[in-house]
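Fold and geometry: a report
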Amino acid sequence: MPKHPKRPRDPNQLAKTIVDMTTGVAPRPSASLGNKNPAAVALGRLGGAKGGKARAQALTPEQRAEIARKAAAKRWGSKEK
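Definitions and cut-offs
- Residues numbered from 1 in each chain as written.
- Predicted model: local features only at pLDDT ≥ 70, side-chain atom pairs only at ≥ 80, totals over all residues.
- Heavy atoms only, no water.
- Helix = DSSP H or I, 4+ residues; strand = E, 2+ residues; numbered from the N terminus.
- Buried < 20%, exposed > 50% of the residue type's maximum accessible area, 1.4 Å probe, protein only.
- Areas by Shrake-Rupley, 256 points an atom, 1.4 Å probe, with all protein chains shown as cover.
- Salt bridge = Lys/Arg side-chain N within 4 Å of Asp/Glu carboxyl O.
- Contact = heavy atoms within 4.5 Å.
- Expected span 1.5 Å × (residues − 1).
- Bend = angle between axes of the 7 residues up to and from the residue.

What follows deals with the overall build of the protein chain. In terms of helices and strands, the protein chain carries three helices and zero strands. From first element to last, N terminus to C terminus, the protein chain shows the α and β order α-α-α. Residue burial in the protein chain is summarised as follows: out of 81 residues, 5% are buried. Working note: accessible area of the protein chain is about 7,700 Å², and carbon and sulfur atoms make up 59% of it.

Take a look at the structure:
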């Protein structure tokens, strides 16, 4: 199931769709929770919000430096000409 409604690829049709949504002729896509339990969604957001900070506090400075080195190597390794 797509997370967002399919938009037209033709620029003219896309422009008409945007104008229709803006003027209220067509309904705007809503970011509803669907069939998800709101309590579970809130709990997941809570864990996601503190996850990185908690992991950073649990790591030693040497471990964080090693992770940063690996990330930089991965990020810049494919940029070579």
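This is not the end of the story, as more comes after the structure.
One pass over the full model with this rule turns up two salt bridges. Between Lys 16 and Asp 20 there is a salt bridge; the shortest N-O distance is 2.7 Å. Separated by four residues within a single helix, Lys 16 and Asp 20 lie in helix 1 (residues 11-23), roughly one turn from each other. Measuring nitrogen to oxygen at the nearest pair gives 3.3 Å for the salt bridge that ties Arg 69 to Glu 66.

Within the secondary structure, Leu 14 is located in helix 1. Taking relative accessible area as the criterion, Leu 14 reaches 28% and is therefore assigned partly exposed. Filtering out sequence-adjacent residues up to four positions away, Leu 14 remains in contact with Arg 7 and Pro 8.

A word on helix 2 (residues 38-58). With 21 residues, helix 2 should reach 30 Å at 1.5 Å per residue; the first-to-last C-alpha distance of 30 Å fits that figure. Along helix 2, the largest kink reaches about 40° and is centred on Gly 51. In terms of burial, helix 2 is a largely surface element, one of the 21 residues being buried.

As a further point, take the side chain of Asp 20. By relative accessible area, which is 17% here, Asp 20 ends up buried. Here Asp 20 is in contact with Val 25 and Ala 26, once residues within four sequence places are set aside.

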